[in-house]
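# Summary of the model geometry
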Amino acid sequence: CNTPSSSTEESKPLLGEMSAPEGNKMGAAPCRRALLHCNGMRYKLLQEGDIQVCVIRHPRTFLSKILTSKFLRRWEPHHLTLADNSVASATPTGYMENSISYSAIEDVQLLSWENAPKYCLQLTIPGGTVLLQAANSYLRDQWFHSLQWKKKIYKYKKVLSNPSRWEVVLKEIRTLVDMALTSPLQDDSIHQAPLEIVSKLLSENNNLTTQDHESIIVAIAPLLENNHPPPDLCEFFCKHCRERPRSMVVIEVFTPVVQRILKHNMDFGKCPRLRLFTQEYILALNELNAGMEVVKKFIHSMHGPTGQCPHPRVLPNLVAVCLAAIYSCYEEFINSRDNSPSLKEIRNGCQQQCDRKPNLPLRLLHTSPDLVSQEATLTESRLKPVIVTSNEIHVEVERNNTANQKMTANVGNDSEPNLIDCLMVSPTCSTMSIELSAQADRILGCYVEILKMLSDYDDWRPALASLLQPIPFPKEALAHEKFTKELKYVIQRFAEDPRQEVHSCLLSVRAGKDGWFQLYSPGGVACDDDGELFASMVHILMGSCYKTKKFLLSLAENKLGPCMLLALRGNQTMVEILCLMLEYNIIDNNDTQLQIISTLESTDVGKRMYEQLCDRQRELKELQRKGGPTRLTLPSKSTDADLARLLSSGSFGNLENLSLAFTNVTSACAEHLIKLPSLKQLNLWSTQFGDAGLRLLSEHLTMLQVLNLCETPVTDAGLLALSSMKSLCSLNMNSTKLSADTYEDLKAKLPNLKEVDVRYTEAW
């Protein structure tokens with residue numbers, strides 16, 4: 001293998017135009033050495049293999065010379081293993097009865113002699129020579145380079161395990177790094193082995209100066225460009241970021257390492273110290289004079305200059321780092337939960353300080369379920385403020401007699417409320433304030449700001465919304481006014497995005513769980529306005545595919561008051577919501593209906609929309625009046641407007657069969673179709689009718705028996721809604737995006753289904 005001479009090249013700034021901090025007094029400016037490549041063949045590092053072995057002892061007598069001549073040499077087949085300390089055979093007999101230590105090998109070289117077997121290499125040992133014969137030249141060279149590597153690594157481990165002078169140690173480290181860079185062996189362990197040696201060296205020597213730290217980091221920098229640092233080395237890097245955040249090493253050396261981690265790491269759960277190192281690196285960038293501007297440049301460098309980030313792992317890894325950092329801000333309070341008021345106690349406001357559980361030792365950082373507090377003990381006397389302190393957090397819960405009396409009725413309920421319900425405490429009942437230390441406050445501000453930056457990238461927003469949909473934050477963060485106020489920007493970005501995959505993540509991830517929509521609604525713990533964000537969220541959801549009875553029913557049950565208040569203030573979205581509640585008969589109580597009507601008539605926009613509702617109701621009554629045709633077919637190329645115009649022209653109370661095949665109708669026509677009371681057969685073949693329309697049909701046309709969706713753009717998301725249409729007996733899903741799982745689900749939930757066409761689908 002021919003090794004070219006080493007060369008160095010000056011590295012460019014890693015964060016664009018970011019300059020070095022002033023006052024940096026390193027012994028030598030950090031630079032990245034160019035990777036040295038070996039010309040010729042590449043080999044995989046051998047750990048074991050089959051080879052022929054012959055041992056020749058140094059001749060001492062004339063007889064021994066004869067016995068060791070090439071004509072009398074005996075070769076033995078062995079399966080050799082290249083361990084960390086020696087070469088050993090799987091069958092320790094004959095020549096390899098005893099293993100050969102690397103320290104006993106004086107030299108390794110290729111060997112050939114006239115009229116001798118080919119592909120041999122020679123190991124010089126005290127008192128003799130070991131000959132190894134491979135099957136071909138490639139295997140011979142592979143054994144040669146592997147033995148050389150194992151021998152040298154063994155030597156460096158011994159030398160660096162007992163350092164004497166650090167200038168010598170640094171020179172040896174540089175030589176070790178150059179050896180790894182110039183080796184013809186291609187294996188992960190080739191670069192990892194030097195890093196692990198240096199990592200062990202640093203962990204065993206804690207008395208190094210900052211200058212020594214930086215010199216070692218610069219020396220191993222070339223190895224870090226294509227390899228993750230081992231765990232102990234990550235801890236060393238974290239310490240350097242904390243102690244010297246303005247060092248040029250952080251900018252010049254750590255930047256490409258962190259960039260590689262964010263681009264290629266697949267699971268921080270398997271290597272948490274990589275995440276911690278990334279977290280400390282970003283905090284170090286934030287400590288520079290430019291602060292968040294430097295962090296912003298770094299995030300932009302990770303995304304890239306185009307509109308689409310080419311690295312799919314960057315966003316999930318950044319979010320994981322942000323979540324871990326935000327969690328750490330509340331770690332002290334989380335660890336002291338055993339001696340703090342539980343959320344149930346905060347809501348009930350009724351447990352005395354003397355009933356607290358005894359102090360327990362702090363738990364390690366994990367996400368185990370919270371301990372459920374014991375049953376609250378009530379007292380009639382006025383309760384004093386309860387103060388819970390930790391090293392970094394101060395929480396004060398003020399209670400009064402009024403709160404005690406209001407919550408008395410809830411004593412019989414022993415079940416623990418869900419997360420957001422626990423936090424939705426009226427200000428008259430209790431006040432919960434969380435104060436972080438200055439350091440925790442800086443960390444929180446930095447990483448919430450990063451979440452804001454991530455939400456500004458259009459291509460990242462769908463994945464970010466999906467990652468944040470389960471609300472992956474501790475309840476202490478959700479109870480912290482500063483956190484929810486800063487995070488509001490991210491939620492606002494989700495609410496402004498017209499893409500359904502983004503704004504649908506405002507809702508809960510599954511039934512029975514609250515989502516950001518509930519958290520930032522009036523009455524929610526994060527709501528700090530008069531409902532502007534709530535109105536924005538409702539508007540975007542109503543404009544998408546959520547104009548359904550189920551969504552309106554949830555608003556009527558949980559948010560009717562805020563909806564009426566915003567409608568009273570002239571919010572057009574809320575006025576439309578109230579009108580739809582009346583139109584779909586969501587409200588059963590007559591007094592509530594009258595109150596909604598009064599609210600609508602109190603504003604100009606409400607009065608106008610209520611009058612339009614009354615007109616629609618009169619038209620609906622006329623439309624549903626018995627009479628008219630029983631079958632109707634629209635001409636091809638008809639549009640939604642044409643269908644609306646036709647249905648407004650007379651009575652269609654008898655219409656049972658409607659064909660819209662080969663027309664240009666879309667999901668928007670569903671609002672007119674649901675008004676046909678006798679409709680039993682609907683043909684939508686080759687139209688643009690989609691999932692949103694199917695959801696609406698499934699809630700209103702429960703008596704539909706025949707439905708043709710052939711060649712429509714419907715997907716599983718809309719087809720699953722058909723499971724509520726129990727009267728369906730014929731369903732055509734030919735040439736749709738139906739999946740096999742959805743088809744099986746529909747068959748199980750539609751007992752009357754007899755005729756099904758799933759040709760040219762995944763279920764076919």
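The structure contained in this document is the topic of the report that follows. (Residues numbered from 1 in each chain as written. Predicted model: local features only at pLDDT ≥ 70, side-chain atom pairs only at ≥ 80, totals over all residues. Heavy atoms only, no water.)

Attention now goes to the pairing of strand β6 (residues 120-125). For β6, the tally of buried residues reaches six of six residues, placing the bulk of the element in the interior. Where burial is concerned, the two faces of β6 agree: the one with C120, Q122 and T124 and the one with L121, L123 and I125 are both buried. Two elements, strand β5 (residues 107-111) and β6, share five bridges in a ladder whose sense is antiparallel. By the bridge assignment for β6, Q109 is matched with Q122. Hairpin connection of β6 to strand β7 (residues 128-133): two residues between the antiparallel strands, including G127 at a positive phi of 85°. (Buried < 20%, exposed > 50% of the residue type's maximum accessible area, 1.4 Å probe, protein only. Helix = DSSP H or I, 4+ residues; strand = E, 2+ residues; numbered from the N terminus. Pairing = 2+ DSSP bridges.)

What follows is about the packing of aromatic side chains. Taken as a whole and assessed by the stated rule, the structure comprises 15 aromatic pairs. Aromatic side chains F237 and F277 sit 5.4 Å apart centroid to centroid with 50° between the ring planes, which places their arrangement in the tilted category. Residue F237 is located in helix α6 (residues 231-243), and its partner F277 is located in helix α8 (residues 272-286); the two are separated by 40 residues in the primary sequence. Each member of the pair, F237 together with F277, is buried. Taking the centre distance of 5.3 Å and the plane angle of 90° together, the rings of F254 and F277 count as edge-to-face. Remark: F277 occurs in helix α8 and F254 occurs in helix α7 (residues 248-264); sequence separation between them is 23 residues. Here the two residues F254 and F277 agree in accessibility, since each one is buried. Taken together, the aromatic side chains of F236, F237, F254 and F277 make up a single cluster linked through ring pairs. Here the guanidinium or amino end of K155 rests over the ring plane of Y156, the centre of that ring lying 4.6 Å away. (Phe/Tyr/Trp six-rings, centres within 6.5 Å; stacked < 30°, edge-to-face > 60°. Lys NZ or Arg CZ within 6 Å of the ring centre and 35° of its normal.)

With 25 residues, helix α2 (residues 137-161) ought to run about 36 Å at 1.5 Å a step, and its terminal C-alpha atoms sit 36 Å apart, in line with that. You can read the cap of α2 off the contacts: a side-chain oxygen lies 3.2 Å from the backbone nitrogen of Y138, and it is on N136. (Expected span 1.5 Å × (residues − 1). Polar contact = N/O pair within 3.5 Å; in protein donor to acceptor, adjacent residues only side chain to side chain.)

Quick look at the sheet that holds strand β1 (residues 48-57) now. Sheet strands pair via backbone hydrogen bonds, and the direction of the pair is either parallel or antiparallel. The seven strands are arranged β4-β3-β2-β1-β7-β6-β5 in an open sheet whose pairing can be described as antiparallel. Both outer strands of the open sheet, β4 (100-101) and β5, are each paired with one neighbouring strand and no more. As paired elements, β1 and β7 share six bridges and run antiparallel to each other. Along β7, the bridge assignment pairs V55 with V130. Along the sheet, α2 contacts β1, β2 (76-82), β3 (86-89), β4, β5, β6 and β7; its crossing angle with β5, the most-contacted strand, is approximately 170°. (Contact = heavy atoms within 4.5 Å. Axes fitted to C-alpha atoms, helices over the stretch in contact; angles between N-to-C directions.)

Turning to the nonpolar core, a few remarks are in order. Grouped together as the largest cluster of nonpolar side chains are 188 residues, with contacts concentrated most on Y447, F473 and W516. At eleven residues, helix α10 (residues 314-329) tops the list of elements feeding residues into this core. Setting aside residues no more than four positions away along its own chain, F473 makes contact with L323, I326, L451, L468, L478, F483, L487 and W516. Grouped together as the second largest cluster of nonpolar side chains are 22 residues, V53, M96, A134 and Y154 included. (Core = buried A, V, L, I, M, F, W, Y, C linked by side-chain atoms within 4.5 Å.)

As summarised here, the arrangement of the six strands in space is β11-β12-β13-β14-β15-β16, forming an open sheet in which the pairing is parallel. Each edge of the open sheet is held by one strand with a lone partner, namely β11 (631-633) and β16 (755-757). The sheet shows a mean angle of 5° between the axes of neighbouring strands, taken without regard to direction. In this sheet, β16 lies alongside strand β15 (residues 730-732) in parallel orientation, the contact comprising three bridges. Counterpart to S730 in the pairing with β16 is E755.

Looking now at the pairing of β3. Summarising the sheet, β2 and β3 pair through three bridges and their orientation is antiparallel. Paired with L80 across the strands is S89, a residue of β3. Between the antiparallel neighbours β2 and β3 lie three residues.

Below, the discussion takes up the packing of helix α3 (residues 166-182) against helix α5 (residues 210-224). Direction vectors running N to C along α3 and α5 enclose 5°, while the axes themselves pass 9 Å from each other. As judged from the angle between their axes, α3 and α5 are roughly parallel. Contacts between α3 and α5 pair W166, L170, I173, R174, V177, A180 and L181 from the former with S215, I216, A219, I220, P222 and L223 from the latter. (Parallel < 35°, antiparallel > 145°, perpendicular 65-115°, else oblique.)

Attention now moves to the environment of D745. Of note, D745 is situated in helix α31 (residues 740-749). For the pair D745 and S723, spaced 22 residues apart in sequence, the C-alpha to C-alpha distance is 8.1 Å.

Residue position: S247 is located in the loop between α6 and α7. Given a relative accessible area of 1%, S247 falls into the buried group. C-alpha of S247 to C-alpha of L288: the two residues are 41 residues apart in sequence and 9.6 Å apart in space. Reaching out from S247, the side chain makes a polar contact with the side chain of E214 at a distance of 2.8 Å. Only 3.1 Å separates the side chain of S247 from the backbone nitrogen of V249, close enough to count as a polar contact.

Quick look at the side chain of R461 now. Mapping R461 onto the fold places it in helix α16 (residues 461-468). Its relative accessible area of 5% is what places R461 among the buried residues. Filtering out sequence-adjacent residues up to four positions away, R461 remains in contact with S455, D456, R493, F494, D497, R499 and V502.

To continue, consider the side chain of T129. Mapped onto the fold, T129 is located in strand β7. Residue T129 is classed as buried on the basis of its relative accessible area, which comes to 15%. Not counting chain neighbours up to four residues away, the residues in contact with T129 comprise C54, V55, I56, H58, Q122 and L123.

So, on to the packing of helix α18 (residues 481-496) against helix α21 (residues 532-543). Packed helices, taken two at a time, are described by the angle between their axes plus the distance between the axes. Put simply, α18 and α21 touch, their axes get as near as 9 Å, and they point 25° apart. On the basis of their axis angle, the class for α18 and α21 is roughly parallel. Pair α18 / α21 crosses with left-handed handedness. Taking contact as the criterion, the partners of K488, I491, Q492 and A495 in α18 are, on α21, L533, S536, M537 and I540. Taken together, the residues of the contact of α18 with α21 break down into five nonpolar, two polar and one charged. (Left-handed = near helix turned anticlockwise from the far one by under 90°. Nonpolar A, V, L, I, M, F, W, Y, C, P; charged D, E, K, R; others polar.)

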